[in-house]
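Here's the letter readout for the chains.
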Amino acid sequence: MQVSRVKLYREFSKIHSMASYLAMFPPVLPHSFITRYSQENDLVYDPFAGRGTAPFEACRMGRIGIGNDLSPLAFCLIKAKTNIPKISKIKKRLNDLARHYQPPDIAGVDMDIRMLFDENLTLPQLVYLKQGLKLSRPVDNFIMATLAGIMHGKHRKDGTSMYCSIDMPNTFSMSANYIRGFVAKHGLKKLRQDVFQSLEYRIDSLFAPSKYPQQDMSRYQRGYCFNADAIKCSQKVVKNMAKTLSL
């Protein structure tokens, strides 16, 4: 029996879709293996966790999900999903950031970045958040991970968008010169997006009430994340095992 790709995602927690990521697999895949081969409170480890699908699904299912990835984006996403703060704390922090907002100077922002975002409201807000968010704090890291998911994306047919940038893909990038030419050729417009409002809307969406069993968060427990070189770590483990076996 074939299952539609939409259904593979729709019936699972929206936290899974916090941000797009290349080569991501649907949550039904780790869900099936975790159900079959582990029990509650078991450790579930993904050494190349990407956007954190496996460790988050493990945490949601009452296991201790552990994710590792060298990518700074992946590390941010894994950390957000394996240590989810209360929505009340997230919204309080976001409101505090919005209340204290003062437009920063964006004169030093590279033109390759400035061509993507509205420079009167959107880009200054993005710069402010980049400067103000402390990723060592779980709440700030969650906000940054959510922001990563709305930075770039396709616009709707009516010209509106949930994303901050010009109309562009959100899973891969092109050279700056190519984008500049594409923008000019197709007359792409920068949308004036209020980043704080977009984040609030997105956060509400991520924490929407469950409709399906696979969205239930009642068994969720905190996991862990690392950004070590998993290949080198694996080589050390193998060498240590070889020494032990030779004794």
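For the structure, check the block above.
Residues numbered from 1 in each chain as written. Predicted model: local features only at pLDDT ≥ 70, side-chain atom pairs only at ≥ 80, totals over all residues. Heavy atoms only, no water.

(A) Spotlight on the sheet that holds strand β1 (residues 43-46). The parallel open sheet is built from 3 strands, whose spatial order is β1-β2-β3. Where the open sheet ends on each side, the last strands, each with one partner, are β1 and β3 (224-226). Strand after strand, the sheet turns through a mean of 15 degrees between neighbouring axes, direction not considered. Pairing analysis gives 3 bridges linking strand β2 (residues 64-68) to β3, with the strands arranged parallel. Looking at β3, one finds that Gly67 is bridged to Cys225. On top of the sheet, helix α3 (residues 53-60) reaches β1 and β2; it is set at about 165 degrees to β2, its chief contact. This element, helix α4 (residues 72-82), spans β2 and β3 of the sheet and lies at about 170 degrees to β3. (Pairing = 2+ DSSP bridges. Helix = DSSP H or I, 4+ residues; strand = E, 2+ residues; numbered from the N terminus. Axes fitted to C-alpha atoms, helices over the stretch in contact; angles between N-to-C directions. Contact = heavy atoms within 4.5 Å.)

(B) The packing of helix α7 (residues 122-132) against helix α8 (residues 138-148), seen in detail. Between α7 and α8, the shortest axis-to-axis distance is 11 Å and the interhelical angle comes to 145 degrees. When the axes of α7 and α8 are compared, the crossing they make is left-handed. Mapping the contact onto sequence places Leu126, Leu129, Lys130 and Gly132 in α7 and Asp140, Met144 and Leu147 in α8. Its residues assigned to classes, the contact of α7 with α8 shows 4 nonpolar, 1 polar and 2 charged. (Left-handed = near helix turned anticlockwise from the far one by under 90°. Nonpolar A, V, L, I, M, F, W, Y, C, P; charged D, E, K, R; others polar.)

(C) Quick look at the pattern of salt bridges. Taken as a whole and assessed by the stated rule, the structure comprises 10 salt bridges. Close ionic contact of Glu57 with Arg60 constitutes a salt bridge, the shortest N to O distance being 2.7 Å. Within this pair, Glu57 and its partner Arg60 are both found in helix α3, separated by 3 residues, close to a single helical turn. Residue class for Glu57 comes out buried when judged on its relative accessible area of 0%. A relative accessible area of 3% places Arg60 in the buried class. Lys190 is the salt-bridge partner of Glu119, the closest N and O atoms lying 3.1 Å from each other. With Glu119 in the loop between α6 (111-114) and α7 and Lys190 in the loop between α9 (176-186) and α10 (195-206), the pair connects residues that are 71 residues apart, well separated along the chain. The class for Glu119 is partly exposed, based on a relative accessible area of 28%. With relative accessibility at 35%, the residue Lys190 sits in the partly exposed group. Each of Lys92, Asp96 and Arg99 takes part in one network of salt bridges that share partners. (Salt bridge = Lys/Arg side-chain N within 4 Å of Asp/Glu carboxyl O. Buried < 20%, exposed > 50% of the residue type's maximum accessible area, 1.4 Å probe, protein only.)

(D) Seen up close, the nonpolar core. In terms of nonpolar packing, the biggest core is built from 48 residues, with Met18, Leu129, Phe142, Ile143, Leu147 and Leu199 touching the most fellow members. By residue number, the principal contributor to this core is α8, which donates 6 residues. Non-local contacts of Met18, meaning those with residues more than four positions away in its chain, are made with Leu77, Ala80, Lys81, Phe142, Ala145, Thr146, Gly149, Arg202 and Leu206. (Core = buried A, V, L, I, M, F, W, Y, C linked by side-chain atoms within 4.5 Å.)

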